[in-house]
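# Analysis of the macromolecular model
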Amino acid sequence: MKRGEVLKGSAWALVTGSGSGIGRQYALRLSRLGYKVALVGDKQEPLAETARLLEKEECAEVYTLVLNLAQIDAAEQLQSHLAAQGIHPDVVVNNAGMFSFLDITQTPVKRIEEVLLLHDMTNTKVCKFYAEEMIRRGVKGHILNMSSYSMWMPFPGMALYSASKAYLRQFSVCFAKEVREKGIIVTAICPAGVATDLYGLAPGLQKLGRNLGILITADSCAKRGLRALWRGKRTSVPDWWNRLWIPLCKLLPMFIIRPIRRYTMQFQK
């Protein structure tokens, strides 16, 4: 059997933010490995489209749940609702996210709360709740958290987004060490540019980024994330050249950052 593959329909996988982009590709890949898939997102139609794609590929079973995960009790609602449906996942992919590129002094408080709730509070609780459940059930579970390469880029306008993703990676690495002896694998993947709608890039720019090798496809990101998870890595940065740039990103001097900032101010919103 392939890494991560199960007898078709014998286990559930949960993917948040699965209405489009990377989350949709995670769902498709997990379905092909034999999992029944629970799709969670904040909009019905994108989830329904992902469900239709899974059904075309003869997924063992698909369940969709519309839920805003940027709420203080979102994780409780999620676990309670899925448990009521008899859904107890062996694989959890915390993929839901929102991008913010705006100076903190200009950022609405509501957006700050939503980003921190979605990326940090909800994901931390989901990890806790489902790890506890996996331990009670005695299964060898897998949890994948989507961090970001931006955590190594101290760039103006990115303070909120980068810091929230830095927390998620650090939490994942420490949490992985806590639950490893219980048979649970936890991985944080930190991709650089991915060709999705998350950043607000037009389709033409996404295509150009892919052609230039600056951006990877959503499917490539999902493939690498799952590969790292099945191999038991605590953290993973896709592509070796991105790993080489990390020390330089941390040390970028202000005389380089200032002109970049002047240009990118037009994109803050």
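Below is a summary of the structure that appears in this document.

Criteria and thresholds
Residues numbered from 1 in each chain as written. Predicted model: local features only at pLDDT ≥ 70, side-chain atom pairs only at ≥ 80, totals over all residues. Heavy atoms only, no water. Helix = DSSP H or I, 4+ residues; strand = E, 2+ residues; numbered from the N terminus. Rg over C-alpha atoms; globule rule 2.2 N^0.38 Å. Buried < 20%, exposed > 50% of the residue type's maximum accessible area, 1.4 Å probe, protein only. Lys, Arg positive; Asp, Glu negative; His and termini not counted. Charge placed at Lys NZ, Arg CZ, Asp CG, Glu CD. Patch = residues over 30% accessible without salt bridge, like charges linked within 9 Å, V, L, I, M, F, W, Y side chains within 5 Å. Areas by Shrake-Rupley, 256 points an atom, 1.4 Å probe, with all protein chains shown as cover. Salt bridge = Lys/Arg side-chain N within 4 Å of Asp/Glu carboxyl O. Pairing = 2+ DSSP bridges. Axes fitted to C-alpha atoms, helices over the stretch in contact; angles between N-to-C directions. Parallel < 35°, antiparallel > 145°, perpendicular 65-115°, else oblique. Left-handed = near helix turned anticlockwise from the far one by under 90°. Contact = heavy atoms within 4.5 Å. Nonpolar A, V, L, I, M, F, W, Y, C, P; charged D, E, K, R; others polar. Phe/Tyr/Trp six-rings, centres within 6.5 Å; stacked < 30°, edge-to-face > 60°. Disulfide = S-S within 2.5 Å.

### Quick notes on the overall build of the protein chain
Check the secondary structure of the protein chain and you find nine helices and seven strands. Compactness check: the protein chain gives a C-alpha radius of gyration of 18 Å against a globular reference of 18 Å for 269 residues, within 12% of the reference. When the backbone C-alpha atoms are referred to their principal axes, the protein chain occupies close to 55 × 40 × 35 Å. The buried share of the protein chain, reckoned over its 269 residues, is 51%. A gap of 9 Å separates the mean positions of the 36 positive and 22 negative side-chain charges of the protein chain.

### A closer look at a nonpolar patch on the surface
On the surface, Leu252, Phe255, Ile256 and Ile260 cluster together to form a nonpolar patch covering roughly 350 Å² of accessible area. Positionally, Leu252 belongs in the loop between helix 8 (240–250) and helix 9 (254–264). Overall, Leu252 belongs to the partly exposed group, its relative accessible area being 38%.

### Looking at the pairing of strand 1 (residues 12–16)
For strand 1, the tally of buried residues reaches five of five residues, placing the bulk of the element in the interior. Along strand 1, one buried face is formed by Trp12, Leu14 and Thr16 and the opposite face, lined by Ala13 and Val15, is buried too. One ladder, built from five bridges, connects strand 1 with strand 2 (residues 36–41); its direction is parallel. Counterpart to Ala13 in the pairing with strand 2 is Val37.

### Thoughts on the packing of helix 1 (residues 21–32) against helix 2 (residues 44–56)
Where helix 1 meets helix 2, the axes come as close as 10 Å, and the angle between the chain directions of the two elements is 25 degrees. Compared by their axis directions, helix 1 and helix 2 come out roughly parallel. Judged by the sense of rotation from one axis to the other, the crossing of helix 1 with helix 2 is right-handed. Each of Arg24, Ala27, Leu28 and Ser31 in helix 1 lies in contact with helix 2, whose residues at this interface are Pro46, Glu49, Thr50, Leu53 and Leu54. Residue composition of the contact of helix 1 with helix 2, by class: five nonpolar, two polar and two charged.

### Here's the deal with the packing of aromatic side chains
Using the criterion set out here, one finds four aromatic pairs in the structure. Ring geometry for Phe99 versus Tyr161: centroids 4.9 Å apart, planes at 70 degrees, classification edge-to-face. In this pair, Phe99 is assigned in the loop between strand 4 (91–94) and helix 4 (109–137) and Tyr161 in helix 5 (residues 159–179), connecting sequence segments 62 residues apart. Taking relative accessible area as the criterion, Phe99 reaches 24% and is therefore assigned partly exposed. Assessed through its relative accessible area of 5%, Tyr161 is described here as buried. Through a chain of ring-to-ring contacts, the aromatic side chains of Tyr167, Phe171 and Phe175 assemble into a single cluster.

### Regarding the state of the cysteines
This model, assessed by the stated rule, comprises zero disulfides. Of the cysteine sulfurs around Cys174, a residue in no disulfide, the closest is that of Cys127, at 12 Å. For the unlinked cysteine Cys221, the closest cysteine sulfur is that of Cys190, found at 10 Å.

### Looking at the sheet that holds strand 3 (residues 62–66)
Strands sit in the order 3-2-1-4-5-6-7 across an open sheet of seven strands; the sheet is parallel. A single partner strand is all that each edge strand has here, and the edge strands are strand 3 and strand 7 (235–236). Seen against the sheet, helix 7 (residues 218–230) touches strand 4, strand 5 (142–146), strand 6 (185–189) and strand 7 and runs at an angle of roughly 140 degrees to strand 5.

### Considering the side chain of Asn95
Position of Asn95 relative to the elements: it lies in the loop between strand 4 and helix 4. Discounting residues that sit within four places of it in the chain, Asn95 has contacts with Thr16, Gly17, Ile22, Gly23, Tyr26 and Met146.

### Topic: the packing of helix 4 against helix 5
A pair of packed helices is characterised by two quantities: the angle between their axes and the separation of those axes. Across the interface, helix 4 lies against helix 5 with an axial gap of 9 Å and an inter-helix angle of 10 degrees. Of the possible angle classes, the one that applies to helix 4 and helix 5 is roughly parallel. For the pair formed by helix 4 and helix 5, the contact residues are Arg111, Ile112, Val115, Leu116, His119, Asp120, Asn123, Thr124, Cys127, Lys128 and Ala131 on the first element and Leu160, Tyr161, Ser164, Lys165, Tyr167, Leu168, Phe171 and Phe175 on the second.

### Looking at unusual backbone geometry
Phi is positive for Glu58, which is not a glycine, with a value near 60 degrees. Following the sequence through the fold, Glu58 ends up in the loop between helix 2 and strand 3. Judged by relative accessible area, Glu58 falls into the exposed class, the value being 57%.

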